[in-house]
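The lines below spell out each chain.
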Amino acid sequence: GNAYYGWGAQGLHLIGGATDASEPIAWAWHTAITDFGSSDRKPIREILFRGRVGPTAVASVSIGERADVSYSYSTPRGQLAQNYRVKTGKGLKDAYYSFGLSGSDVGDVDSVEFGTGISTRRI
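Residues numbered from 1 in each chain as written. Predicted model: local features only at pLDDT ≥ 70, side-chain atom pairs only at ≥ 80, totals over all residues. Heavy atoms only, no water.

Some remarks on a nonpolar patch on the surface
Phase 1: Side chains of Tyr 5, Trp 7, Leu 12 and Leu 14 sit close together on the surface and give an oily, nonpolar patch of about 560 Å² of accessible area.
Phase 2: Within the secondary structure, Trp 7 sits in strand β1 (residues 4–8).
Phase 3: Owing to a relative accessible area of 75%, Trp 7 belongs among the exposed residues under this scheme. (Patch = residues over 30% accessible without salt bridge, like charges linked within 9 Å, V, L, I, M, F, W, Y side chains within 5 Å. Areas by Shrake-Rupley, 256 points an atom, 1.4 Å probe, with all protein chains shown as cover. Salt bridge = Lys/Arg side-chain N within 4 Å of Asp/Glu carboxyl O. Helix = DSSP H or I, 4+ residues; strand = E, 2+ residues; numbered from the N terminus. Buried < 20%, exposed > 50% of the residue type's maximum accessible area, 1.4 Å probe, protein only.)

So, the pairing of strand β4 (residues 42–53)
Phase 1: Extensive coverage of β4 is indicated by the burial of nine of its 12 residues.
Phase 2: Bridging between β4 and strand β8 (residues 93–94) involves two bridges; their strand directions are antiparallel. Each residue of the ladder has a partner; that of Pro 43, found in β8, is Lys 93.
Phase 3: Where β4 and strand β10 (residues 107–116) come together, nine bridges link them in antiparallel fashion. Among the inter-strand pairings, Arg 50 is bridged to a residue of β10, identified as Ser 111.
Phase 4: Across seven bridges, the pairing between β4 and strand β7 (residues 81–87) is antiparallel. In the sheet register, Phe 49 faces β7, and the bridge partner there is Tyr 84. (Pairing = 2+ DSSP bridges.)

Read these as spatial facts, not as claims about activity.
Have a look at this one:
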């Protein structure tokens, strides 16, 4: 229905009830580690989130099979339903990646797409 729930150290809470005191509730999610179907090293050019994301949301990219190196990107937009394009820049090239999004405002993501490139070798 229209009920939303959150969990914490004290258990399950009805969001919007007496337990959240109208304060923003922090949220975060991340994907599993993926190689996009190929163990070849590939660059990540961009991440495209569709949905409603608050202005304090931060996207992240973790690199490598252990995901021990991460980079964060701010998403400085409002809470409107729209596309959020995160340009990761040059230099991210690995076989394995995982992705995340976090914030403390609205966070309603409908879909996520990743712009991977093809590694080419210059001679």
